[in-house]
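These are the residues of each chain, in order.
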Amino acid sequence: AAEGTEPMPGDGGSPPAPQRVLFPPTFSVSEIKNKQRRHFMFVRWKQQQRKEKLALKKKRRKEREALGDKAPPKAIPKTIENQRVYDETTVDPNDEEVAFDEATDEFAPYFNRQTVPKILITTSDRPRGRTVRFCEQLATVIPNSHVYYRRGLALKRIIPQCIARDFTDLIVINEDRKIPNGLVLSHLPDGPTAHFRMSSVRLRKEIKRKGKEPTEHVPEVILNNFTTRLGHSIGRMFAALFPHDPQFIGRQVATFHNQRDYIFFRFHRYIFKSEKKVGIQELGPRFTLKLRSLQKGTFDSKFGEYEWIHKRREMDTSRRKFHL
């Protein structure tokens, strides 16, 4: 065969190697009318995309190993978090105005160690078994917390009784179809009050590879990614639920991790395996919160003044815009 041409079967050369079937550049799965055929072709297309991505990854790794120290730095992958739209309310740690506001807000007595947290945990009227167990487990996470059940008493009547008994915070767990789906957190006696949507609730018995029951030691508190003024307020509300001085001997940690305005709660115990290795055991419960509103003062659904309300159609226009 001439140079630059492939040998033909009749030319005495070897037969051409079978080539991998590729989809045409203008291929669109949605154009296939048959549903089963469309699903089959879509699966094949995804498998092909995965193989090509893996091959490219191996090729780049070999190139980096060949270059050694001369290899260029790894590219930072683009994520929704690192492409976040800048928020003008992002807090500067050295801002004097923010420091003054935090020194005079409703949580200042707690951070100045003038008050000791005392929490009342209650539920919606006639709670079911899952909500009751969740409240009992939440009381073992938050020190100096007490569980009482509503039995038809209005929330506005509960708040004056809490203030009279020196409670500093009120937590209300709401449920729908026997599943906890909402949390109201009110700081007493002057507010503010936050309303959260609750999801992904897991009790201790539903968590795999969980540790032993938590002890009565005061846990450490970790607050992640509460960067805006609104996020700072929410983070201070969570911090004010726990005594200011943790007991490190208990090695228990309560974490509120904010990611894309979803607040993930986890409760762990850490274990020192050696001088360099540390293991963690999840104790539970776990749940996820989504802020719906922040209200000035204590709970008042009709005449309360709201600092912030989540409006989906106005605020969720961009996936890269976050408020906490």
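This is a predicted model, so every value here is computed, not measured. (Residues numbered from 1 in each chain as written. Predicted model: local features only at pLDDT ≥ 70, side-chain atom pairs only at ≥ 80, totals over all residues. Heavy atoms only, no water.)

**Quick word on a negative patch on the surface**
Here's step 1: On the surface, a cluster of negative charge is made up of Asp92, Asp95, Glu96 and Glu97.
Here's step 2: You can see aspartate 92 is positioned in the loop between α1 (35–67) and α2 (96–104).
Here's step 3: Taking relative accessible area as the criterion, aspartate 92 reaches 41% and is therefore assigned partly exposed. (Patch = residues over 30% accessible without salt bridge, like charges linked within 9 Å, V, L, I, M, F, W, Y side chains within 5 Å. Areas by Shrake-Rupley, 256 points an atom, 1.4 Å probe, with all protein chains shown as cover. Salt bridge = Lys/Arg side-chain N within 4 Å of Asp/Glu carboxyl O. Lys, Arg positive; Asp, Glu negative; His and termini not counted. Charge placed at Lys NZ, Arg CZ, Asp CG, Glu CD. Helix = DSSP H or I, 4+ residues; strand = E, 2+ residues; numbered from the N terminus. Buried < 20%, exposed > 50% of the residue type's maximum accessible area, 1.4 Å probe, protein only.)

**Brief notes about the UniProt feature "domain: Brix" (unreviewed entry) in the protein**
Here's step 1: On the UniProt side, "domain: Brix" (unreviewed entry) is annotated at positions that read residues 117–300 here.
Here's step 2: Secondary structure content for residues 117–300 is 18% helix and 40% strand, while the C-alpha to C-alpha distance between its ends is 22 Å. (UniProt positions renumbered as here; feature names shortened; annotations may be inferred.)

**Examining a nonpolar patch on the surface**
Here's step 1: On the surface, a nonpolar cluster with roughly 240 Å² of combined accessible area is contributed by Phe42, Val43 and Trp45.
Here's step 2: Looking at tryptophan 45, the relative accessible area reads 30%, which means it is partly exposed.

**Brief notes about the layout of surface pockets**
Here's step 1: The space that makes up the largest pocket amounts to roughly 510 Å³.
Here's step 2: Taken together, 15 residues line the largest pocket, and the ones lying closest to its centre are Lys57, Arg60, Arg61, Arg64 and Lys74.
Here's step 3: Partitioned by chemical class, the residues of the lining of the largest pocket number eight nonpolar, no polar and seven charged.
Here's step 4: By volume, the second largest pocket is sized at about 310 Å³.
Here's step 5: In terms of lining residues, the second largest pocket is bounded by 16 residues, among which Arg260, Tyr262, Lys290, Asp316 and Phe322 are the most central.
Here's step 6: Broken down by secondary-structure element, the contributors of at least two residues to the lining of the second largest pocket are β10 (286–295) and α7 (312–315).
Here's step 7: Grouping the constituent residues of the lining of the second largest pocket by class yields four nonpolar, three polar and nine charged. (1 Å grid on protein atoms, 1.4 Å probe; cavity = no way out; pocket = protein on both sides within 12 Å on 5 of 7 lines; lining within 4 Å. Points joined across faces, edges and corners; volume = space filled by probe spheres on them. Nonpolar A, V, L, I, M, F, W, Y, C, P; charged D, E, K, R; others polar.)

**Thoughts on the pairing of strand β7 (residues 252–259)**
Look at any regular strand and the pattern is simple: side chains alternate between the two faces of the sheet.
Here's step 1: With six of its eight residues buried, β7 lies for the most part within the structure.
Here's step 2: Tracing the backbone out of strand β6 (residues 220–224), into helix α6 (residues 229–239) and back to the parallel element β7 gives a crossover that is left-handed.
Here's step 3: Where β7 meets strand β8 (residues 262–272), eight bridges bridge the pair, whose relative direction is antiparallel. Bridging from a neighbouring strand, asparagine 258 pairs with isoleucine 263 of β8.
Here's step 4: What sits between the antiparallel neighbours β7 and β8 is a turn of two residues, in which arginine 260 has the positive phi angle 55 degrees. (Right-handed = clockwise from strand over helix to strand, strands pointing away. Pairing = 2+ DSSP bridges.)

**Regarding the packing of aromatic side chains**
Given two aromatic rings, their pairing is described by the distance between the two centres and the angle made by the two planes.
Here's step 1: Under the definition given, this model contains ten aromatic pairs.
Here's step 2: Relative to phenylalanine 287, the ring of phenylalanine 134 has its centre 5.5 Å away and its plane inclined at 85 degrees; by these criteria the two rings are edge-to-face. You can see phenylalanine 134 sitting in helix α4 (residues 129–141) and its partner phenylalanine 287 sitting in strand β10, a full 153 residues away along the chain. For the pair formed by phenylalanine 134 and phenylalanine 287, the shared burial category is buried.
Here's step 3: Here the aromatic rings of phenylalanine 226 and phenylalanine 238 are separated by 6.5 Å at their centres, their planes lie at 65 degrees, and the arrangement is edge-to-face. (Phe/Tyr/Trp six-rings, centres within 6.5 Å; stacked < 30°, edge-to-face > 60°.)

**A word on the side chain of arginine 269**
Here's step 1: If you trace the backbone, arginine 269 turns up in strand β8.
Here's step 2: At 8.2 Å, glutamate 213 is the nearest oppositely charged side chain to arginine 269, a buried residue that forms no salt bridge.
Here's step 3: Here the side chain of arginine 269 touches glutamate 213 through a polar contact of 3.1 Å, landing on its backbone oxygen.
Here's step 4: Those residues within four positions of arginine 269 in sequence are excluded, and the remaining contacts are Lys212, Glu213, Pro214, Thr215, Gly250, Arg251, Gln252, Gly279, Ile280, Gln281 and Leu283. (Polar contact = N/O pair within 3.5 Å; in protein donor to acceptor, adjacent residues only side chain to side chain. Contact = heavy atoms within 4.5 Å.)

**Brief notes about empty space enclosed by the protein**
Here's step 1: Under the definition given, this model contains two cavities of 30 Å³ or more.
Here's step 2: Roughly 100 Å³ of volume is contained in the largest cavity.
Here's step 3: Taken together, Leu138, Ile142, Ile171, Leu183, Leu185, Phe238, Leu241, Phe242, Phe256, Phe265, Phe287 and Leu289 form the lining of the largest cavity.
Here's step 4: Going through the elements one at a time, β4 (179–187) and β10 are the ones with two or more residues in the lining of the largest cavity.
Here's step 5: Residue classes in the lining of the largest cavity are distributed as twelve nonpolar, no polar and no charged.
Here's step 6: In this structure, the second largest cavity spans a volume of roughly 40 Å³.
Here's step 7: Lining the second largest cavity, in full, are Asp261, Lys290, Leu291, Trp308, His310, His323 and Leu324.
Here's step 8: Of the residues belonging to the lining of the second largest cavity, the class tally is three nonpolar, two polar and two charged.

**Overview of the domain arrangement of the protein**
Here's step 1: Structurally, the protein comprises domain 1 (29–68) and domain 2 (87–316).
Here's step 2: For domain 1 and domain 2, the distance between their C-alpha centres works out to 44 Å. (Domains from an automatic or database assignment.)

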